[in-house]
Amino acid sequence: MATRSTVGVGVIGRGFGKRIVAPVFAATEGCEVVDVVSPRDDEAVRALVARDDVDVVAVHSPPFCHRDLVIRAAAAGKAVLCDKPFGCDETDALAMEAAAQDAGVVALLNFEFRHHPGRARLRELVREGVVGTVEHVQWSAFAAGSRVPLRWYGWLFDAARGGGWIGAWGSHAIDFLRWTFGDLTDAGAHPRVVVAERPDRDGNRFECTAEDAFTAWMRTAGGASVTIDTSFVSPANVPTRITVLGSDGVLESVGDQRITLRTSEGSSQVFAFDAPAEDPHLVPMRAWAEVVRDAVREGAVPDGAPTFADGVACARVMDRLRA
């Protein structure tokens, strides 16, 4: 629990952490970003987690650094916000969950897209029963994010360092599916490496060992089948499409901005969201930052907030997909 009215946020991560997380918390009423440090600067990390004015440590490093950084922050008695995919595998995830439990700190996972208006409304409609009993969910997402232009080689393309599209994007999809439809079972996938080699910034070429596309299948605890088809090496961006087939109707979400309900009586648009022309992480991250602030102030995790237990469950499914 924060002992001051202002929640001090220490950010570890000079990529997404510096670009998105730090500015969002800095603009959130009642929060102050104390510092942003690199996960590779051990002295700066040590100083950050020891500061009295840091109430929550936001870990936004590559996943192979998560375990060490989260355990260090928890051991220092700090609340922790960890980015997904929550370590490299279920073993990492379990170790971080145990460390947070032993320390008795507030521990949250950065599944900020639970707070995207389009995702939240789709979940509400499903749980209101507008399509009856859910029988099948199909999700497609094709992005040009690492191909046009070609992204440099780094940890994201190295399986040993926790890279791959299953963790980078699939973790968000798995979390939404679990949050909306219940636990996932019988999961499997065909991971693909489409771009086999990439140059680093110095022109050295490396083999890519982490998937940049995958097709997955799974089943919900309620018996619905789920399929996912996705890539981030598409030659062009295609709007994300989530289709929920139920016993009484069909919900179709396109680009997280338009939801249409189709029944035997016809179709109608039931949700519209005109997204601002900015990074798509910003809208949900702003709402999520307020939830994190309040949880740290009160020393308690609110209902519906993604926890380390959700991270463990997600890691367990991702391990099946990678296998």
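Calculation criteria
- Residues numbered from 1 in each chain as written.
- Predicted model: local features only at pLDDT ≥ 70, side-chain atom pairs only at ≥ 80, totals over all residues.
- Heavy atoms only, no water.
- Helix = DSSP H or I, 4+ residues; strand = E, 2+ residues; numbered from the N terminus.
- Rg over C-alpha atoms; globule rule 2.2 N^0.38 Å.
- Buried < 20%, exposed > 50% of the residue type's maximum accessible area, 1.4 Å probe, protein only.
- Contact = heavy atoms within 4.5 Å.
- Salt bridge = Lys/Arg side-chain N within 4 Å of Asp/Glu carboxyl O.
- Phe/Tyr/Trp six-rings, centres within 6.5 Å; stacked < 30°, edge-to-face > 60°.
- Lys NZ or Arg CZ within 6 Å of the ring centre and 35° of its normal.
- Axes fitted to C-alpha atoms, helices over the stretch in contact; angles between N-to-C directions.
- Parallel < 35°, antiparallel > 145°, perpendicular 65-115°, else oblique.
- Nonpolar A, V, L, I, M, F, W, Y, C, P; charged D, E, K, R; others polar.
- Pairing = 2+ DSSP bridges.
- Expected span 1.5 Å × (residues − 1).

To continue, consider the overall build of the chain. Each helix and strand counted, the chain has eight helices and 15 strands in total. Taking 2.2 N^0.38 as the reference for a compact globule, 323 residues should give roughly 20 Å; the C-alpha atoms of the chain span a radius of gyration of 20 Å, in line with that estimate. Across its three principal directions, the C-alpha atoms of the chain cover 60 × 50 × 35 Å. In the chain, which comprises 323 residues, the share counted as buried stands at 52%. Long-range pairs, those at least 24 residues apart, make up 70% of the contacts in the chain between residues at least 6 apart in sequence.

Attention shifts here to the environment of glutamine 101. Along the chain, glutamine 101 turns up in helix 4 (residues 90-103). On the basis of relative accessible area, glutamine 101 is assigned to the exposed category, the value being 57%. Residues glutamine 101 and alanine 74 lie 27 residues apart in sequence; the distance between their C-alpha atoms is 8.9 Å.

To continue, consider the pattern of salt bridges. Tallying each qualifying case throughout the model produces 22 salt bridges. Salt-bridge contacts for arginine 72 lead to aspartate 42; the nearest nitrogen and oxygen are separated by 2.8 Å. You can see arginine 72 sitting in helix 3 (residues 63-75) and its partner aspartate 42 sitting in helix 2 (residues 42-50), a full 30 residues away along the chain. In this structure arginine 72 comes out as partly exposed when scored by relative accessible area, which is 21%. Several salt bridges share partner residues, and in doing so they unite Arg114, Asp175, Arg178, Asp183 and Asp310 into one network.

Moving on to the packing of aromatic side chains. Under the criterion given, the structure shown has nine aromatic pairs. Measuring from centroid to centroid gives 5.7 Å for tryptophan 139 and phenylalanine 176, while their planes differ by 90°, and the two rings are edge-to-face. Here phenylalanine 176 lies in helix 6 (residues 165-181) and tryptophan 139 lies in strand 6 (residues 134-142), a separation of 37 residues in the sequence. Neither tryptophan 139 nor phenylalanine 176 differs from the other in exposure class; each is buried. Between tryptophan 169 and phenylalanine 214, the ring centres sit 6.3 Å apart and the planes meet at 50°, which makes this aromatic pair tilted. Placement of the pair is tryptophan 169 in helix 6 and phenylalanine 214 in strand 10 (residues 213-220), with a sequence separation of 45 residues. In terms of burial, tryptophan 169 and phenylalanine 214 fall into one category: buried. Above the face of the tryptophan 179 ring, arginine 123 is positioned so that its terminal group lies 4.2 Å from the ring centre. A cation over a ring is seen here: arginine 198 above phenylalanine 157, with NZ or CZ 4.0 Å from the ring centre.

Take the packing of helix 4 against helix 8 (residues 308-322) next. Contact geometry for helix 4 and helix 8: axes closest at 8 Å, N-to-C directions at 170°. Taken together, the axes of helix 4 and helix 8 are roughly antiparallel relative to one another. In this structure, helix 4 uses Glu90, Ala93, Leu94, Met96, Glu97 and Ala100 to contact helix 8, whose residues at the interface are Phe308, Ala309, Gly311, Val312, Ala315, Arg316 and Asp319. Looking at the contact of helix 4 with helix 8, its residues break down into eight nonpolar, one polar and four charged.

A word on the sheet that holds strand 3 (residues 56-59). Either a parallel or an antiparallel arrangement is found when strands of a sheet pair, and the pairing is made through backbone hydrogen bonds. Strand order across the open sheet formed by five strands is 2-1-3-4-5, with parallel pairing between neighbours. Only two strands of the sheet have a single neighbouring strand rather than two, namely strand 2 (31-37) and strand 5 (107-110). In this sheet, neighbouring strand axes are inclined to one another by 20° on average, regardless of whether the strands run parallel or antiparallel. Relative to strand 5, strand 4 (residues 79-83) is paired through four bridges, and the arrangement is parallel. The residue bridging valine 80 from the neighbouring strand is alanine 107, located in strand 5. Helix 7 (residues 282-298) rests against strand 1 (7-12), strand 2, strand 3, strand 4 and strand 5 of the sheet, and its axis sits at about 175° to strand 5.

Now for the side chain of glutamate 252. Note on placement: glutamate 252 falls in strand 13 (residues 250-254). Setting aside residues no more than four positions away along its own chain, glutamate 252 makes contact with Arg241, Ile242, Thr243, Arg258, Ile259, Thr260 and Arg262.

Time to look at helix 7. If you check helix 7, its first and last C-alpha atoms are 24 Å apart, about what 17 residues at 1.5 Å a residue would give, namely 24 Å. Restricting attention to buried positions, one finds in helix 7 the residues Leu282, Pro284, Met285, Trp288, Ala289, Val292, Arg293, Ala295 and Val296. Those residues of helix 7 that are buried are in contact with strand 1, helix 1 (16-26), strand 2, strand 3, strand 4 and strand 5. Glycine 299 lies just past helix 7 and shows a positive phi near 70°.

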